[in-house]
Amino acid sequence: MKTAVVKIGNSKGIRIPKTILASCHIEDEVDLLVEDDKIIIVPFKIKPRTGWEAQFKEMALNKDDKLIFPDSIDLDSKDWEW
C-alpha cells in the first residue's frame, strides 16, 4: 500500500489506516526498529510494572521482601557517592 509522508512540526509521519492497525493489534504504543534500511513497526504490548503486584505478594509470602539498604542511611555522609 502506498501512503504519503506528511510534515508534522519538525518531523514527518505517515497515516496508518484503522484496518491495518486493527489487524496488527496496534493500540496506543509501538516499537520502531530499523533493519536493513527498513522501518519495522511492532505493537508495544508490555506495560511497565505489569505483574509487580503479584510478585510483591509472593515475595512477602516467602519473607523475601526485606530492605536491601537500611532506612537509616546518612545521605550527607562524605563516604556516600552519587
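All values reported here derive from a predicted model rather than from experimental measurement.

(A) View of the overall build of the protein. Broken down by element type, the protein carries two helices and four strands. From first element to last, N terminus to C terminus, the protein shows the α and β order β-β-α-β-β-α. Relative to the 2.2 N^0.38 estimate, which gives 12 Å for 82 residues, the radius of gyration of the protein is 23 Å and therefore markedly larger than a compact globule would have. Taken along the three principal axes of its C-alpha coordinates, the protein extends 60 × 35 × 25 Å.

(B) Just the pairing of strand E4 (residues 38–43), in detail. Note that strand E3 (residues 30–35) and E4 share six bridges and pair antiparallel. Its bridge partner being in E4, Asp31 is matched across the sheet by Val42. Linking E3 to E4, which pair antiparallel, is a turn of two residues; within it Asp36 sits at a positive phi near 50°.

(C) Here's a closer look at the pattern of salt bridges. The full count for this structure, using the stated rule, is one salt bridge. Between Lys57 and Glu53 there is a salt bridge whose closest N-O contact spans 3.5 Å. Of this pair, Lys57 and Glu53 both sit in helix H2 (residues 52–61), separated by four residues, roughly a single helical turn. The exposure classification of Lys57 matches that of Glu53, with both residues exposed.

What counts and how
- Every chain's residues receive numbers from 1 upward, in the order its sequence appears when written.
- Thresholds applied to this predicted model are a pLDDT of at least 70 for local features of residues and 80 or more for the giving and counting of side-chain atom pairs; totals over whole chains, interfaces and linings are not thresholded and use all residues.
- Side-chain measures were taken over the full set of non-hydrogen atoms in the model, leaving aside hydrogen atoms and water.
- Secondary structure follows DSSP: runs of H or I at least 4 residues long count as helices, runs of E at least 2 residues long count as strands, and numbering of each begins at the N terminus.
- Atoms counted for the radius of gyration: C-alpha only. Globule rule: 2.2 Å times residue count to the power 0.38.
- Criterion used throughout: strands pair if DSSP finds at least two bridges between them.
- One side-chain nitrogen of Lys or Arg within 4 Å of one carboxyl oxygen of Asp or Glu is enough to make a salt bridge.
- Only protein chains enter the area calculation, which uses a 1.4 Å probe; residues under 20% of their type maximum are buried, those over 50% are exposed, and those in between are partly exposed.

The values reported here are purely geometric and, on their own, carry no functional implication.
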